[in-house]
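The chain contents come next:
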Amino acid sequence: MAKKPIAYMLCRVSTPEQSLESQEETLLSIAKNYGFQVPPECIFREQKTGYDEDINEDRTSIVELRDAIALNKPDAIFCLELSRLSRRAIKLHKYIYEFSVTPNIPMYFADMDKWTIDIETREPNDENILKLIGACESVEKERERIKARTMRGRASAGAKGLY
C-alpha cells in the first residue's frame, strides 16, 4: 500500500470565541479528500488576538511552520483563509512565495478554493497565485473595517456609560 502524502496545516484564531478545533476539523476533512494525511505534529496552531502590527516580526505559528519546512518539506500546506496566514497584504504576499512558490509546495486556501501549485503536475498555477495576491489587499482592508467597527462600538458604548 502506497503511503499517503504528508500535509501541514496552519490554524489561527484571533478571538476566544473562535475555535481552533473547528478549523482543524474542516482542514483535516479537506486534506483527506485530496488524499493527504496530516499527523498531529504537522498542525501549526495559534490563538492570538490582535493584528500583526510589526512588519518585521512573525507570529509564532509562522515561525514554527517555517522551521518545519526547513527540516522536512511537506507535500502540501492547507490554510482555511488567507487572513489566517496574516491580515497584512505585504506579509501575505511574502508568505505565499516563501512557503509555496519558492520551495514548490502546493498551498491550498479553503476560503477561495485555490491551490498555488497544481498538486498533480507540481507546476505553479499563476492565475490562482495572482488571484490570491490580489485578494491580499482585500484582507487588509477587511482588517481596517473591523478596527473601525470596533472603535465605533466602543465609542457608542462609552457615550452611554457602558464598558
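About the cut-offs
- Residues numbered from 1 in each chain as written.
- Predicted model: local features only at pLDDT ≥ 70, side-chain atom pairs only at ≥ 80, totals over all residues.
- Heavy atoms only, no water.
- Helix = DSSP H or I, 4+ residues; strand = E, 2+ residues; numbered from the N terminus.
- Buried < 20%, exposed > 50% of the residue type's maximum accessible area, 1.4 Å probe, protein only.
- Contact = heavy atoms within 4.5 Å.
- Areas by Shrake-Rupley, 256 points an atom, 1.4 Å probe, with all protein chains shown as cover.
- Core = buried A, V, L, I, M, F, W, Y, C linked by side-chain atoms within 4.5 Å.
- Pairing = 2+ DSSP bridges.
- Axes fitted to C-alpha atoms, helices over the stretch in contact; angles between N-to-C directions.
- Phe/Tyr/Trp six-rings, centres within 6.5 Å; stacked < 30°, edge-to-face > 60°.

Asks: Looking at this model, I keep getting lost on the overall build of the protein. Mind explaining?
Replies: Helix and strand content of the protein: five helices and five strands. Counting from the amino terminus, the protein carries its helices and strands in the arrangement β-α-β-α-β-α-α-β-β-α. Taking all 163 residues of the protein together, the buried fraction comes to 42%. Considering only intrachain contacts with a sequence separation of at least 6, the fraction spanning at least 24 residues in the protein is 67%. For the protein, the accessible area works out to roughly 9,300 Å², and carbon and sulfur atoms hold 52% of it.

Asks: Could you clarify how one ought to interpret the nonpolar core in this entry?
Replies: Buried together is how nonpolar side chains tend to be arranged in soluble globular proteins. The biggest cluster of nonpolar side chains holds 38 residues, and the ones touching the most others in it are Tyr8, Leu27, Phe78, Leu85, Phe99 and Phe109. Ranked by residues supplied to this core, first place goes to strand S1 (residues 7-13) with six residues. Among residues more than four places away in sequence, those in contact with Leu85 are Leu10, Ile62, Cys79, Leu92, Tyr95, Ile96, Phe99, Met107 and Phe109.

Asks: Hey, could you run me through unusual backbone geometry in this one?
Replies: Leaving glycine out, the prevailing phi sign among residues is negative, and the prevailing peptide bond configuration is trans. You will see that Asn104, though not glycine, has its phi angle at about 60°, which is positive. Look at Asn104 and you get partly exposed, because its relative accessible area is 25%. For Asp113, which is not glycine, the phi torsion reads 50° and is therefore positive. Assessed through its relative accessible area of 49%, Asp113 is described here as partly exposed.

Asks: What am I meant to see in the sheet that holds S1 here?
Replies: The strands making up a sheet associate through backbone hydrogen bonding, with each pair oriented either parallel or antiparallel. Taken in spatial order, the five strands of this open sheet run S2-S1-S3-S4-S5, and their pairing is mixed. The sheet terminates laterally at strand S2 (43-47) and strand S5 (114-115), the two strands that pair on one side only. Strand direction decides the pairing type here: S1 and S2, joined by five bridges, are parallel. Directly across from Cys11, in S2, lies its bridge partner Arg45. Across the sheet, helix H1 (residues 20-33) lies against S1, S2, strand S3 (76-79) and strand S4 (107-109), angled at about 155° from S1, the strand it touches most. In the packing of helix H2 (residues 60-71) onto the sheet, the strands contacted are S1, S2 and S3, and the crossing angle to S2 comes to about 165°.

Asks: I would appreciate a short explanation of the pairing of S1 in the present structure.
Replies: The side chains of a regular strand alternate between both faces of the sheet. Most of S1 sits out of view: seven of its seven residues are buried. Burial of S1 is two-sided: the residues Ala7, Met9, Cys11 and Val13 facing one way and the residues Tyr8, Leu10 and Arg12 facing the other way are all buried. Looking at chain direction, S1 and S3 are connected through four bridges and run parallel. Bridging from a neighbouring strand, Ala7 pairs with Ala76 of S3.

Asks: What exactly am I supposed to notice about the packing of aromatic side chains here?
Replies: Note on aromatic pairs: each is described by the distance of the centres and the angle between the planes. A full pass over the atoms with the stated rule returns ten aromatic pairs. Aromatic side chains Phe36 and Phe78 sit 5.6 Å apart centroid to centroid with 70° between the ring planes, which places their arrangement in the edge-to-face category. Of this pair, Phe36 sits in the loop between H1 and S2 while Phe78 sits in strand S3, and the two are 42 residues apart along the sequence. Arranged with centres 5.5 Å apart and planes meeting at 20°, the rings of Tyr95 and Phe99 form a pair that is stacked. Placement of the pair is Tyr95 and Phe99 together in helix H4 (residues 89-101), with a separation of four residues, close to one helical turn. Residue Phe99 is classed as buried on the basis of its relative accessible area, which comes to 1%. Taken together, the aromatic side chains of Tyr34, Phe36, Phe78, Tyr108 and Trp115 make up a single cluster linked through ring pairs.

Asks: Would you explain the environment of Ala70 in this entry?
Replies: Mapped onto the secondary structure, Ala70 falls in helix H2. Relative accessible area serves as the criterion here: at 68%, Ala70 is assigned to the exposed category.

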